Amino acid sequence: MADIQHLERIASQVRRDIVRMVHGVQSGHPGGSLGCADFFTALFFDVMDHHAQPFNMSGKGEDVFILSNGHISPVYYSCLARSGYFPVSELASFRKINSRLQGHPATHEHLPGIRVATGSLGQGLSVAVGIALAKKADGEDKHVFALCGDGELQEGQIWEAIMFAVHNRMDNLIITIDANGRQIDGDTKDIMGFGDLAPRFAAFGCEVMHMKGNDMQAVCDGLGKAKSLSGNGKPVVIVMETEMGYPVDFMVGSHEWHGIAPNDAQLESALSQLEETLGDY
Amino acid sequence: MKKYTVQNEKDTRSGFGAGLEELGNKRDDVVALCADLTGSLKMDAFAKQHPERFYQVGIAEANMMGVAAGLATAGKVPFTGTFANFSTGRVYDQIRQSIAYSGKNVKICASHAGLTLGEDGATHQILEDLGMMRMLPGMTVINPCDFNQTKAATLAIADYEGPVYLRFGRPKVPNFTDPDQKFEIGKALMLNEGADVSIFATGHLVWKAIEAGQILAEKGIDAEIINIHTIKPLDSEAILKSVSKTRCAVTAEEHQMNGGLGDSICQLLSRENPLPVEMVAVNDSFGESGKPNELMSKYGIDTVNIVEAAERVMKRK
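For clarity, every value in this text was computed on a predicted model and none was experimentally measured.

**With respect to the overall build of chain A**
Assigned secondary structure in chain A consists of ten helices and seven strands. Taken along the three principal axes of its C-alpha coordinates, chain A extends 50 × 45 × 35 Å. Residues classed as buried in chain A amount to 52% of the 281 residues present. If you take every contact in chain A between residues at least 6 apart in sequence, the share linking residues at least 24 apart comes to 75%.

**Quick notes on the nonpolar core**
Core analysis: the biggest nonpolar cluster contains 186 residues, and Val129 of chain A together with Ile199 and Ala310 of chain B have the highest contact counts within it. What Val129 of chain A contacts, discounting residues up to four positions off in sequence, is Ala161, Phe164, Ala165, Met170 and Leu173 of chain A together with Val67 and Gly70 of chain B.

**Here we look at the interface of chain B and chain A**
Contacts between the two partners involve 23 residues from chain B and, on the opposite side, 27 residues from chain A. Only α3 (61-73) and α5 (92-101) of chain B provide two or more residues apiece to the side of chain B that touches chain A.

**Side note on helix α4 (residues 73-82) of chain A**
Residues and elements named next belong to chain A. In terms of burial, α4 is a largely internal element, ten of the ten residues being buried. For α4, every residue scored as buried is listed here: Ser73, Pro74, Val75, Tyr76, Tyr77, Ser78, Cys79, Leu80, Ala81 and Arg82. Where α4 is buried, its residues contact α1 (4-25), α2 (30-35), α3 (37-47) and β1 (64-67). Phi turns positive one or two residues past the end of α4, at Gly84, with a value near 100°.

**Looking at helix α1 (residues 12-26) of chain B**
Residue and element names in this part refer to chain B. For α1, spanning 15 residues, the distance from its first C-alpha to its last is 21 Å, which sits close to the expected 21 Å at 1.5 Å a residue. Across the 15 residues that make up α1, a large majority, eleven, are buried. Turning to α1, its buried residues are Thr12, Arg13, Gly15, Phe16, Gly17, Ala18, Gly19, Leu20, Glu21, Leu23 and Gly24.

**Here we look at the confidence of the model for chain B**
One rule of thumb: low pLDDT means the predicted coordinates there are not for detailed reading. In the predicted model, chain B carries a mean pLDDT of 98, and 100% of its residues have values of at least 70. For this predicted complex, the interface confidence score (ipTM) comes to 0.97, while the overall pTM stands at 0.97.

Thresholds applied
- Residues numbered from 1 in each chain as written.
- Chains lettered and ligands numbered in written order.
- Predicted model: local features only at pLDDT ≥ 70, side-chain atom pairs only at ≥ 80, totals over all residues.
- Helix = DSSP H or I, 4+ residues; strand = E, 2+ residues; numbered from the N terminus.
- Buried ≥ 20, exposed ≤ 12 C-beta atoms within 10 Å, placed from the backbone.
- Contact = placed C-beta atoms within 7 Å.
- Core = buried A, V, L, I, M, F, W, Y, C linked by C-beta atoms within 7 Å.
- Expected span 1.5 Å × (residues − 1).
- pLDDT = per-residue confidence, 0-100.

Right, here's the structure in full:
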């Protein structure tokens with residue numbers, strides 16, 4: 001059983017890391033990062049069987065996570081550092097010159113925990129499919145988790161990957177969609193709305209479920225359910241409802257905080273809403 | 001002029017197919033992906049003998065590149081197969097992000113490159129692929145000249161760790177290189193030593209260069225002919241050594257003048273030893289439907305064009 005309170009405390013620190021990283025360089029994507037903090041925390045500190053040290057690029061014998069919507073790198077980096085992949089102090093180098101923490105995740109600087117460069121949207125899911133395919137071929141019983149944004153679903157390659165995963169009965173693949181309903185230019189339903197997500201994935205042949213993404217108990221229960229649904233011949237898709245910017249009061253309710261940095265006063269206000277639990281970097 | 005014997009006429013794509021088949025039997029970690037062109041790419045033998053390691057991805061090249069990157073991440077050695085047009089231009093960003101920038105050990109194998117694809121026309125006749133692939137940091141770019149060399153190159157790239165673009169073609173062309181050759185990535189091959197002009201050729205233009213060399217010899221011109229099967233990394237040493245003797249060069253390729261072999265050599269020479277160069281390549285134009293030989297002739301990348309370029313460049317010494 002997951003220790004929900006413990007995970008919530010980690011998530012609070014992860015959220016502090018996110019706003020401090022983005023503030024520190026006055027650049028980056030805080031909104032989606034904050035909204036997905038509960039999901040990342042549950043994955044890295046409870047759900048996944050993974051090994052931070054030594055980092056093994058191939059991911060053989062462990063669960064693997066691929067972030068397809070790479071722009072929410074702050075939450076990814078915080079969880080990687082806080083779960084032991086690299087020093088927490090390195091978070092201070094985010095997006096700065098000579099850093100391993102590139103604006104979007106990359107392997108080029110050899111940051112432990114990153115397995116492919118993502119950020120050009122629509123591509124990470126195919127890579128996750130390839131890793132899951134190799135795990136199947138090698139007879140592994142481990143899972144591959146992928147996260148995609150809901151706006152990212154506008155990229156055609158996503159649906160190529162879904163077709164392939166269904167056709168090849170890739171039931172070791174758990175795809176989460178961050179359904180926050182926002183993207184850079186506005187609300188997803190206004191930019192390129194395609195209605196309910198779940199029936200679309202179901203029509204392709206995926207096993208689909210819903211999950212509330214900003215409730216740690218719901219996230220842990222949901223990911224547990226997803227694992228139990230796996231192994232039945234179909235990829236599992238979780239439509240995860242989150243709120244961009246959650247729970248910082250001035251960041252929620254719009255798309256405005258997709259990709260801008262808080263100023264000093266906004267940082268102070270945000271941090272006052274997020275308890276420091278593990279010590280700031 | 002050294003004599004070369006044509007063993008037979010074979011397509012370079014069949015060389016790829018033969019190499020892949022051999023690799024399939026030699027190495028368990030080699031996997032293959034194809035986007036609905038298994039027959040055209042001559043991947044049938046591998047697919048039949050190793051169905052558990054052959055992935056049909058359908059008409060979805062972008063996904064194919066990503067899945068290949070994932071397979072490589074997990075320790076496999078994936079070979080992707082589709083036409084050169086769909087192996088490069090269509091999926092440039094997937095190759096850039098998921099393969100090249102991510103340093104993935106993916107072998108991008110591309111058939112039907114250039115004008116010699118023939119009747120299908122310019123929609124499918126890519127003449128920019130070498131340039132696009134050459135620009136990507138860390139990408140190795142190979143364009144072998146015949147069946148035997150394509151087979152040898154296919155075997156060689158499996159042993160090399162890193163992303164590779166392997167380009168070959170559709171038509172049957174003279175097969176003249178050693179069937180037992182060992183392919184060395186980045187090592188230019190001397191075909192004929194000469195003193196008057198260096199001819200650097202790649203892919204299907206290598207045989208045309210040999211034909212040109214014979215015509216030049218009859219005219220009393222002693223051409224040095226070098227097969228540049230690896231565009232990147234370029235064998236700078238061999239090229240510089242040759243031009244230091246001949247003092248002028250002709251480049252020949254089935255590609256746009258922009259971005260290909262000629263560009264690479266001009267860049268090298270302008271930096272190290274500025275000398276006159278004539279480029280035999282397609283001059284900023286799309287192709288069209290027609291027979292391979294008709295197209296080579298119409299677009300100025302035939303034997304006669306190499307001869308004329310050699311005569312022109314020698315006057316510029």
